[in-house]
Number of protein chains: 2
Amino acid sequence: MAFDPASLKFTPDGLIPAIAQDAETGEVLMMAWMNADAVMQTLETGRVTYWSRSRQAFWVKGETSGHVQELLDFRVDCDRDCLLLRVRQTGPACHTNRRTCFYTAVRDDDEVELMKPEV
Amino acid sequence: MAFDPASLKFTPDGLIPAIAQDAETGEVLMMAWMNADAVMQTLETGRVTYWSRSRQAFWVKGETSGHVQELLDFRVDCDRDCLLLRVRQTGPACHTNRRTCFYTAVRDDDEVELMKPEV
């Protein structure tokens, strides 16, 4: 069946959450948002492109930092309201320079930092 | 630092997206939503509990199906607006009886079903 981005379920703001996962290690790197045009651009270019809610603009991941995400596989969930992007991540995914944005664990009611920024 | 659920960034509806990942295989299983009480309940019981937006009620994952998620590690992202739950998943995570909700890939503009329901 041909994929139609209009078949996705977007929020009232026209957005859909997209989870980026390192295809090699399985690590969940980040979650950000796409609109229909960002979905199309990501599929067409193979460069993961989000929609920045704060800047209200396309956000080609890594365009300024060089920490690009190459799309390896694009997945849609059963409800069609969430995306999973299997990617090849260059450098750290997080703007804090950590490999993943999920570097804080909650253990025994305390926050534990699991990794330091890369240098 | 002690973890305070009030320090998370919730949507105007009081919700935060939570990604469930199989801790053993790394597979991303599903994405659903929690409110502050669901976060606390999940941490206290070790049984992953979401907030059902359609039913406007707690949703103890697997309570009726038996397909429970045992919490192994609870992570918060850099912006504190997304959660990652590393879990031990009993049975399929998806309500379609598939292992993961992300069973559809988009490849060469076509949708490809990656797995069948478990029996």
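Residues numbered from 1 in each chain as written. Chains lettered and ligands numbered in written order. Predicted model: local features only at pLDDT ≥ 70, side-chain atom pairs only at ≥ 80, totals over all residues. Heavy atoms only, no water.

Taken together, the side chains of Glu44 of chain A together with Asp108, Asp109 and Asp110 of chain B present a region of like negative charge at the surface. The topology assignment puts Asp110 of chain B in strand β8 (residues 110-113). Judged by its relative accessible area of 34%, Asp110 of chain B is partly exposed. (Patch = residues over 30% accessible without salt bridge, like charges linked within 9 Å, V, L, I, M, F, W, Y side chains within 5 Å. Areas by Shrake-Rupley, 256 points an atom, 1.4 Å probe, with all protein chains shown as cover. Salt bridge = Lys/Arg side-chain N within 4 Å of Asp/Glu carboxyl O. Lys, Arg positive; Asp, Glu negative; His and termini not counted. Charge placed at Lys NZ, Arg CZ, Asp CG, Glu CD. Helix = DSSP H or I, 4+ residues; strand = E, 2+ residues; numbered from the N terminus. Buried < 20%, exposed > 50% of the residue type's maximum accessible area, 1.4 Å probe, protein only.)

Once that is clear, we can look at the interface of chain B and chain A. On the chain A side, the residues contacting the 39 residues of chain B number 39 residues. Around 3100 Å² of area is buried between chain B and chain A when both sides are counted, 59% of it from carbon and sulfur atoms. Run the count over chain B and chain A and you get 6 salt bridges. A salt bridge links Glu111 of chain A to Arg80 of chain B, with the shortest nitrogen-to-oxygen separation between them at 2.6 Å. Applying the counting criterion to the chain B and chain A interface returns 18 residue pairs in polar contact (both at pLDDT 80 or more). At the level of elements, β1 (16-22), β2 (28-34), β5 (69-76), β6 (83-89), β7 (104-107) and β8 of chain B are the ones that each hand at least two residues to the side of chain B that touches chain A. Class assignment of the residues belonging to the side of chain B that touches chain A gives a composition of 22 nonpolar, 6 polar and 11 charged. Relative to β5 of chain B, strand β7 (residues 104-107) of chain A runs antiparallel, the two sharing 3 bridges. Of the residues in β5 of chain B, the one forming a bridge with Ala105 of chain A is Arg75 of chain B. (Contact = heavy atoms within 4.5 Å. Buried area = accessible area lost by both parts, 1.4 Å probe. Polar contact = N/O pair within 3.5 Å; in protein donor to acceptor, adjacent residues only side chain to side chain. Nonpolar A, V, L, I, M, F, W, Y, C, P; charged D, E, K, R; others polar. Pairing = 2+ DSSP bridges.)

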